[in-house]
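Overview (structure and organization)
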Amino acid sequence: MNLNGAGVLVTGASSGIGLATARALFSKGARLAVAGRDRQRLADLAAEVGGTAIVADLTADESITRCVDEAANHLGAIDILVNNAGVGWTGAFAHMPAIDIDHLIRLNLRAAILLARELTPPMIARGRGHIVNVASIAGHLGVGGEAVYSATKAALINFSEGLRQEVADSGVGVAVVSPGVVATEFFNRHGSPYLRSWPRPITPEAVADVIVRSIETNRPEAIVPKWLGLVARLKGSLPGVYRALNRRFG
């Protein structure tokens, strides 16, 4: 898909992967609507990329509809949706409050599905469009201490696969990009700084580059960094070996 002149809605654009992706798309000539919860950061980004800022809490259904409407008012047709908004939670599942479970499911999964539902029909009608869902390696592997987060990302990966099959002959592409550890504010926000020396965090710009290439080449799925794909394949083909190694090394 040619990004020059394409109308793009990026969620979770206040920082991290969303911010880097908006900048990368702008460098390709895309026109942008950026959504998130930090009003000042969004305003700064919108000024930088000549886009429009949409302050929205995507856990609320009315905010999802308003987000799409405001983006469409600015862009006209929304050619590309980057579903990047998400939140994490670390700790023992047995002690996870129900309100936090609901929040993760509503933002990480439900909001992405509802945004895709809003935009898929007009994309199909035009015979052109692309949806990118930003998942996580946790969705492929499952991570102790992040059981619900892992579940939301696993569901997003499978939603992407099912939607891709449905729109296969429509001119609409669907990609899912699953990053590993990324050097963003993500871990600090849910109270558990990343302290491991390995694997080393990658930059949000590295993930943004993969997102852009996935759109341009209609690549259905990408894990970044690439070597983590080997770990996901090991779990799928030799789960007993994977679990033994996970118990030993984490």
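See the structure printed just above.
Described in the following lines is the structure provided in the data block. Computed from a predicted model, the values in this text were never measured in an experiment.

Tallied over the full model, the rule gives nine salt bridges. Residue Arg 23 pairs with Glu 48 through a salt bridge whose shortest N-O separation is 2.9 Å. Placement of the pair is Arg 23 in helix H1 (residues 16-27) and Glu 48 in helix H2 (residues 39-49), with a sequence separation of 25 residues. Residue class for Arg 23 comes out partly exposed when judged on its relative accessible area of 37%. Note on Glu 48: relative accessible area 40%, which makes it partly exposed. Its salt-bridge partner being Glu 70, residue Arg 66 comes within 2.9 Å of it at the nearest N-O pair. One end of the pair is Arg 66 and the other is Glu 70, both in helix H3 (residues 61-75) and four residues apart, which spans about a single turn. The partly exposed category is assigned to Arg 66, whose relative accessible area is 32%. Given the relative accessible area of 31%, Glu 70 is considered partly exposed. Connected via shared salt-bridge partners are Asp 61, Arg 106 and Arg 110.

Moving on, we get to unusual backbone geometry. For residues besides glycine, phi is generally negative; the peptide bonds are generally trans as well. For the bond running from Val 224 to Pro 225, omega is 0°, close enough to zero to count as cis. We note that Asn 218 has phi near 60°; this positive angle belongs to a residue other than glycine. With respect to the secondary-structure elements, Asn 218 resides in the loop between helix H8 (204-217) and strand E7 (221-224). Asn 218 sits in the partly exposed class, given a relative accessible area of 46%.

Turning our eyes to something else, we now look at helix H4 (residues 98-126). When the terminal C-alpha atoms of H4 are compared, their 41 Å separation across 29 residues agrees well with the 42 Å that a helix rising 1.5 Å per residue should span. Its axis deflected by about 40° at Arg 110, H4 carries its strongest bend there. Three or more residues of H4 are buried, namely Leu 104, Leu 107, Asn 108, Leu 109, Ala 111, Ala 112, Leu 114, Leu 115, Ala 116, Leu 119, Thr 120 and Met 123. Structurally, H4 contributes buried residues whose contacts are with strand E1 (7-10), H3, strand E4 (80-83), strand E5 (129-134), helix H6 (147-166) and strand E6 (172-179).

Glancing now at the packing of helix H9 (residues 228-237) against helix H10 (residues 239-249). Where H9 contacts H10, the two axes come as close as 5 Å, and the packing angle between them is 125°. With respect to H10, the element H9 is oriented oblique. The residues of H10 that touch H9, namely those facing Val 231, Leu 234, Lys 235, Gly 236 and Ser 237, are Pro 239, Val 241, Tyr 242 and Leu 245. Residues that form the contact of H9 with H10 fall into these classes: six nonpolar, two polar and one charged.

Rules used throughout
Residues numbered from 1 in each chain as written. Predicted model: local features only at pLDDT ≥ 70, side-chain atom pairs only at ≥ 80, totals over all residues. Heavy atoms only, no water. Salt bridge = Lys/Arg side-chain N within 4 Å of Asp/Glu carboxyl O. Helix = DSSP H or I, 4+ residues; strand = E, 2+ residues; numbered from the N terminus. Buried < 20%, exposed > 50% of the residue type's maximum accessible area, 1.4 Å probe, protein only. Expected span 1.5 Å × (residues − 1). Bend = angle between axes of the 7 residues up to and from the residue. Contact = heavy atoms within 4.5 Å. Axes fitted to C-alpha atoms, helices over the stretch in contact; angles between N-to-C directions. Parallel < 35°, antiparallel > 145°, perpendicular 65-115°, else oblique. Nonpolar A, V, L, I, M, F, W, Y, C, P; charged D, E, K, R; others polar.

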